[in-house]
Amino acid sequence: MENFTRYHLNSGQRCLKLETGKAYVLKFRNRIEFIPKEYCKMHDFEDGFIRWIVEIPIWLEEKNEDLKFILELITDENKH
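Just so it is clear, the structure is predicted and the values come from calculations on it, not from any experiment. (Residues numbered from 1 in each chain as written. Predicted model: local features only at pLDDT ≥ 70, side-chain atom pairs only at ≥ 80, totals over all residues. Heavy atoms only, no water.)

A. Layout of the packing of aromatic side chains. Applying the stated criterion across every chain yields a total of one aromatic pair. Measuring from centroid to centroid gives 5.2 Å for Y39 and W59, while their planes differ by 80°, and the two rings are edge-to-face. Within this pair, whereas Y39 is found in the loop between β3 (31-36) and β4 (41-47), its partner W59 is found in helix α1 (residues 58-63), the two being separated by 20 residues in sequence. Judged by its relative accessible area of 34%, W59 falls in the partly exposed class. (Phe/Tyr/Trp six-rings, centres within 6.5 Å; stacked < 30°, edge-to-face > 60°. Helix = DSSP H or I, 4+ residues; strand = E, 2+ residues; numbered from the N terminus. Buried < 20%, exposed > 50% of the residue type's maximum accessible area, 1.4 Å probe, protein only.)

See the structure below:
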């Protein structure tokens, strides 16, 4: 069983216009990061400003520094 980290996303942190059949798109201000649908899971979730929960495998985060950075920015923004 794979280990995943869950992140909460609001409508400003996901770019539906750029998504493809193979990738979700996370964004933070002018940064974007494509994550493969093959390995990641996206769930609809309505709670205040949060619209989705994305599950990303830990190995993918460790392998991709740009992804790790944007996830840190998103997490920090959601704390406030």
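Resuming the write-up.
B. Focus on unusual backbone geometry. Even without a glycine there, the phi angle at R29 is positive, about 50°. Residue position: R29 is located in the loop between β2 (23-28) and β3. For R29, a relative accessible area of 71% puts it in the exposed group.

C. Broad picture of the pattern of salt bridges. With the rule as written, the count across this model stands at four salt bridges. A salt bridge links R6 to E55; the nearest nitrogen and oxygen atoms lie 3.2 Å apart. With R6 in strand β1 (residues 4-10) and E55 in strand β5 (residues 50-57), this residue pair connects regions lying 49 residues apart in the sequence. Residue E55 is classed as buried on the basis of its relative accessible area of 13%. (Salt bridge = Lys/Arg side-chain N within 4 Å of Asp/Glu carboxyl O.)

D. Broad picture of the pairing of β4. Bridge count for β4 against β5 is five bridges, and the pairing is antiparallel. Bridge pairing in β5 places D44 opposite W52. Counting the residues in the hairpin turn of β4 and β5 gives two residues, including G48, whose phi is positive at 65°. (Pairing = 2+ DSSP bridges.)

E. Fine view of helix α2 (residues 65-79). With 15 residues, α2 extends 21 Å from end C-alpha to end C-alpha; this agrees with the ideal 21 Å at 1.5 Å per step. The complete set of buried residues in α2 reads L67, I70, L71 and I74. One side of α2 holds all its buried residues, which, seen down the axis, span an arc of 100°. In α2, the exposed positions that point more than 90 degrees away from the buried face belong to E65 and K79. (Expected span 1.5 Å × (residues − 1). Arc of directions from axis to C-beta.)

F. The arrangement of the nonpolar core in detail. Membership of the largest hydrophobic core comes to 16 residues, with the highest contact counts inside it found for L9, L26, I35, V54, I56, L67 and L71. If you list the elements that add at least two residues to this core, you get β1, β2, β5 and α2. (Core = buried A, V, L, I, M, F, W, Y, C linked by side-chain atoms within 4.5 Å.)

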